[in-house]
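Next come the chains, spelled out residue by residue.
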Amino acid sequence: MTASPELGTPQLASPDLLRSVFRQHAAGVAVITAQGENPVGFTATSLNSVAAEPPLISFGVGASSSSWPVIARAEHIGVHILGEHQCDLAATFARSGADRFGPPTSWRTGPEGVPVLDGVLAWLVCRIINRVPAGDHRIVIAEAVVGDPAGAGRPLLYHQGRFNSLRE
């Protein structure tokens, strides 16, 4: 490897390098939920639209996360796009050991029995169609069944290890 003044000094690939590179990437913030014996959920910045026909989404979930055992068996999941006013909600669902569905989280049982969060910019209930092993994570692919895009506000972003607002 050679250094380039325009690019800096290249580093060999590692988990730290990947994390450092992706801190430079601004991502939308979503919460994924599922219903098991108790509801589960986690904050995700890996949500992607995969296809319009049929309407498919994907996201990554850590295989060691507390939500994975439920998502591994669930038929349906909830996908919630958070607004800039929901930093606390994003932090709650990102925190290990937090009571994610206790107060002040406002939610209800939605279609297919999936927990649906109140006050989000948009939400979907999706039927899981595939779970793909990917290193220490699983990539979940799901087809949208029903949803609501009508929430008000601007999206919450994740950048440089912090939740941020979109600026014009």
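In this text, all values refer to a predicted model and were calculated from it rather than measured experimentally. (Residues numbered from 1 in each chain as written. Predicted model: local features only at pLDDT ≥ 70, side-chain atom pairs only at ≥ 80, totals over all residues. Heavy atoms only, no water.)

Asker: Just checking my understanding: could you explain the nonpolar core for this structure?
Answerer: Where a protein is soluble and globular, its nonpolar side chains tend to be buried together. Ranked by internal contacts, the top residues of the largest apolar core, which has 18 residues, are Ile32, Phe59, Ile71 and Ile77. Among the elements of the structure, strand E2 (30–35), strand E3 (39–44), strand E5 (56–62), helix H2 (68–73), strand E6 (76–81), strand E9 (122–134) and strand E10 (137–148) are those that each provide at least two residues to this core. Once residues within four sequence positions are removed from consideration, Ile77 is found in contact with Ile32, Thr33, Ala34, Ile57, Phe59, Ile71, Val114, Leu124, Val125, Cys126, Ile128 and Ala142. (Core = buried A, V, L, I, M, F, W, Y, C linked by side-chain atoms within 4.5 Å. Buried < 20%, exposed > 50% of the residue type's maximum accessible area, 1.4 Å probe, protein only. Helix = DSSP H or I, 4+ residues; strand = E, 2+ residues; numbered from the N terminus. Contact = heavy atoms within 4.5 Å.)

Asker: Would you mind going over the packing of aromatic side chains with me for this structure?
Answerer: Two descriptors summarise a pair of aromatic rings, namely the distance from one centre to the other and the angle between the planes of the rings. One pass over the full model with this rule turns up 4 aromatic pairs. Between Phe101 and Trp107, the ring centres sit 5.1 Å apart and the planes meet at 75°, which makes this aromatic pair edge-to-face. A relative accessible area of 12% means that Phe101 is categorised as buried. What makes Trp107 partly exposed here is its relative accessible area of 28%. In textbook terms, an aromatic cluster arises when at least three aromatic residues are bridged by ring pairs, as seen for Phe93, Phe101 and Trp107. (Phe/Tyr/Trp six-rings, centres within 6.5 Å; stacked < 30°, edge-to-face > 60°.)

Asker: Please clarify how the sheet that holds E9 should be interpreted in this entry.
Answerer: Sheet architecture is open: 7 strands sit in the order E3-E2-E6-E9-E10-E5-E4, paired in antiparallel fashion. The two strands at the open ends of the sheet, each matched to only one other strand, are E3 and strand E4 (48–51). Averaged over all adjacent pairs, the angle separating strand axes in this sheet is 35°, with direction ignored. Judged from the 7 bridges that link them, E5 and E10 form a sheet pairing that is antiparallel. Looking across to E10, one finds that Ile57 is bridged to Ala142. Its contacts with the sheet put helix H3 (residues 87–94) on E2 and E3, and the angle it makes with E3 is roughly 115°. (Pairing = 2+ DSSP bridges. Axes fitted to C-alpha atoms, helices over the stretch in contact; angles between N-to-C directions.)

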